[in-house]
Structures are given as structure tokens and as C-alpha cells.
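# Geometric and topological summary
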Amino acid sequence: TGRVIYPGDSLSVCDLVTPFTEENGYQMAPSYANGEVVDSLGGGICQVSTTLYLAVIRAELEVTERYNHSMSVAYVKPSMDAAIAEGSKDFKFVNNLDAPVYIEGYAGGGTISFAIYGEEYRPAGRTVTYESETIETIQPQTMLTADTESNLGSIQQTQSGHTGYRAKLWKVVTENGQETREEVNSSYYQMTPNKYKAGVKTDNAEASSAMYGAIALNDLNEVYVVLNKY
């Protein structure tokens, strides 16, 4: 599938891929919503927009709208993603060159790629690379809740945490032996905690009270201390 973008014309990825419905060929797959991983129609579509984003910036087309995910993703480094969500997030870019470009996408065998063809305007010997810089790393915390339906000793993890990041993407241009760096974007990915449910059902009032205290501390080690004691 290919598309020609003429000078001055823009492209919206959401306009091309929505609506996210079964009638439009989408299936249920994992996606992010309110700090959790949930299944939704069109889940995983951001891998398409992200792959195109990386091709667009390497072609040095002008990005006019780009968002990072709410939580980090595993398939690219921080600040190298481009999240889309119908009605709220889009990836848009414009052909800021003097000649048309042709964008072609490929999918198969579990991979997707994009190629951008056009008239080469950049001087020979000029190289462009992109570097992800992590400014801050926020480790997942622990969140415990009491499970009144399960016996003391029952511990169930209900959500795996995500590490949070603050990151920047840098464009590094080397020409005639001179290197310049330009900030492309700045991204924040929220931390989400490791969530656990701990059983508190027991006839031992002292043990139950101790377990509630450990849960209030959000300390899994304290939970195990209580279990070892009782």
C-alpha cells in the first residue's frame, strides 16, 4: 500500500486507520487505558504509527503532531514512539520539501516497515541519527489491597508494574566533520505499580490485624513477615 504526498500536503494517521471496528478489520488486542493494560479493538495500532514516525523523521519531513504513550512500550526506546488514539491522539506530518514523496508500507511475518522515496536534496556526506536520552527513571512501586474473600496466606498479583521515564529524543546531524544536536521531542511515561491482593480471611484476630497493617504499608516484605509469624 502506497501514498504520494505532494509538497505542502499533510497526512493524518488517524484519518487513515480509523474507525477501530470489526467491520474495518480490527480485532481485540492489548492497549493502554487509565494506567492499565486492557484489550480493545485496534490494540497494537501504535506500532504502525511508531514505525512510520521513525521513517518520517529519518526522511526529515516535518512532524506537526506527535504524542508519546501514557506508559512505556517495549518495542522502541523512550521518546521514539508515536501513540494514536481515536479522538484524542494523532500522528501528523507534512511534506515540507519541494518535490513529492512516495510512502510505502509493508506488513507480513509479524513485522511492519515503511519506506519513503523522494528526490534526494541532502548533500553527500551528511548523516542524520536519532538518540534517545533518559532523563529520569521512576521504578514501579507496590500497591497492596486486602482480599476479604481469600484466606490469610493467599497473595495474587493483579497487575505488573511499568517503569516510568522522562526522556528526550535528539536529532544528531554530522556534516563536514561538524556535529549539531537538536531536541526533537520530550516525553513523560507514567509509572504504574505492581498490584497485589493479599488474603486476610482468618479466625485469628491478631493475625488479621497484623496483615491489615502490612497491607497499609504497601510493603510485600511485611506481608511475608506476617505470614511467617502466623
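## Topic: the sheet that holds strand 13 (residues 178-189)
Hydrogen bonds along the backbone pair up the strands of a sheet, which may run parallel or antiparallel. Ordered in space as 9-12-13, the three strands form an open sheet in which the pairing is antiparallel. Looking along the sheet, the strands with just one partner apiece sit at the ends: strand 9 (127-138) and strand 13. On average, each strand axis in the sheet is tilted by 20 degrees relative to the strand beside it, whichever way the strands run. In this sheet, strand 13 lies alongside strand 12 (residues 164-175) in antiparallel orientation, the contact comprising eleven bridges. Looking at the pairing, Leu169 lines up with Asn185 of strand 13.

## What to know about a nonpolar patch on the surface
Taken together, the side chains of Val4, Tyr6, Tyr102, Tyr106 and Tyr117 make up a nonpolar region of the molecular surface, amounting to roughly 490 Å² of accessible area. Along the chain, the position of Val4 falls in strand 1 (residues 2-5). Since its relative accessible area comes to 38%, Val4 is described here as partly exposed.

## Some points on the sheet that holds strand 6 (residues 92-94)
Spatial strand order, 2-6-5: three strands in an open sheet with antiparallel pairing. Each end of this open sheet is capped by a strand with a single partner; those strands are strand 2 (10-12) and strand 5 (62-65). If you compare each strand with its neighbour and ignore which way they point, the axes differ by 25 degrees on average. Pairing between strand 2 and strand 6: three bridges, direction antiparallel. Looking at strand 6, one finds that Leu11 is bridged to Phe93.

Conventions and cut-offs
- Residues numbered from 1 in each chain as written.
- Predicted model: local features only at pLDDT ≥ 70, side-chain atom pairs only at ≥ 80, totals over all residues.
- Heavy atoms only, no water.
- Pairing = 2+ DSSP bridges.
- Helix = DSSP H or I, 4+ residues; strand = E, 2+ residues; numbered from the N terminus.
- Axes fitted to C-alpha atoms, helices over the stretch in contact; angles between N-to-C directions.
- Patch = residues over 30% accessible without salt bridge, like charges linked within 9 Å, V, L, I, M, F, W, Y side chains within 5 Å.
- Areas by Shrake-Rupley, 256 points an atom, 1.4 Å probe, with all protein chains shown as cover.
- Salt bridge = Lys/Arg side-chain N within 4 Å of Asp/Glu carboxyl O.
- Buried < 20%, exposed > 50% of the residue type's maximum accessible area, 1.4 Å probe, protein only.

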